[in-house]
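# Structural overview
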Amino acid sequence: MTNHFGEVGAVHIGADLEVCGLAVVAVHGRGQSAAFMIDHVVARMEQPMVAWVLPQAPGNTWYPLGFLAPLAALGRPDL
């Protein structure tokens, strides 16, 4: 299996990391996106000195299989 997580990147919104009072890394749930986090979390917080870093999973999921799938299904027979 190929790791595609580095291909999508992350969204930075809010205060600059160099001057923020707080930095938050918030990950979205399955089927959601960084945009969902902006609309439903960041916008509601109204904290101007917070820097938000919102990673985006490829295909809006961090784990491409169902949560009951064995880890070996990812091509890692040692797991």
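The structure under discussion appears in the preceding block.
Conventions and cut-offs
Going along each chain's sequence as written, the residues are numbered from 1 onward. Per-residue local features of the predicted model are confined to residues with pLDDT of at least 70, and side-chain atom pairs are confined, for both listing and counting, to 80 or more; whole-chain, interface and lining totals are unaffected and use all residues. The side-chain numbers reported here are obtained from all heavy atoms of the structure, hydrogens and water having been left aside. Think of it this way: any DSSP run of H or I at least four residues long counts as a helix, any run of E at least two long counts as a strand, and we number them from the N terminus. One less than the number of residues in a helix, times 1.5 Å, gives the span that helix is expected to have. Using a 1.4 Å probe on the protein chains alone, a residue whose accessible area is under 20% of its type maximum counts as buried, one over 50% counts as exposed, and one in between counts as partly exposed. The arc in question is formed by the directions pointing from the helix axis toward the C-beta atoms. Contacts are residue-level and defined by heavy atoms, with any inter-residue pair within 4.5 Å sufficient. Throughout this description, the term nonpolar core refers to a set of buried Ala, Val, Leu, Ile, Met, Phe, Trp, Tyr and Cys residues connected via side-chain atoms within 4.5 Å. The term polar contact refers here to a pair of N or O atoms within 3.5 Å; inside protein, the definition further demands a hydrogen-donor-capable atom paired with an acceptor-capable atom, and it admits residues adjacent in sequence only when both atoms are side-chain atoms. Any two strands are treated as partners once DSSP identifies two or more bridges connecting them. For helices, the axis comes from a line fit to the C-alpha atoms of the stretch in contact; other axes are also lines fit to C-alpha atoms, and the angle between any two N-to-C directions lies between 0 and 180 degrees.

### Points about helix α2 (residues 34-45)
The α-helix advances 3.6 residues per turn, and as a result positions three or four apart in sequence lie on the same side. Here α2 spans 15 Å end to end across twelve residues, near enough to the 16 Å set by a 1.5 Å rise per residue. Residues Ala34, Met37 and Val42 constitute the buried set of α2. All buried residues of α2 project into a common sector of 60° when viewed along the axis, lining one side. Facing away from the buried side of α2 by more than 90 degrees, the exposed set consists of Asp39 and Arg44. Summarising the contacts, the buried residues of α2 are in contact with β1 (10-14) and β3 (50-55). One or two positions beyond α2, positive phi appears at Glu46, with a value near 50°.

### Describing the nonpolar core
In this structure, Ala26, Ala34, Met37, Val42, Val50, Trp52 and Leu54 together form the largest nonpolar core, which totals seven residues. Taken together, the elements giving at least two residues each to this core come down to α2 and β3. Discounting chain neighbours no more than four positions away, the residues touching Val50 are Ile13, Gly14, Ala15, Leu22 and Val24.

### Some remarks on the side chain of Ser33
Looking at where Ser33 falls in the secondary structure, it is placed in the loop between β2 (22-25) and α2. Separated by 3.3 Å, the side chain of Ser33 and the backbone nitrogen of Ala35 make a polar contact. Setting aside residues up to four positions removed in sequence, Ser33 forms contacts with His28, Gln56 and Asn60.

### A word on the sheet that holds β1
The three strands are arranged β1-β3-β2 in an open sheet whose pairing can be described as mixed. Of all strands in the sheet, those with a lone pairing partner are β1 and β2, marking the two edges. Averaged over all adjacent pairs, the angle separating strand axes in this sheet is 15°, with direction ignored. One ladder, built from four bridges, connects β2 with β3; its direction is parallel. By the bridge assignment, Leu22 is partnered in β3 with Val50.

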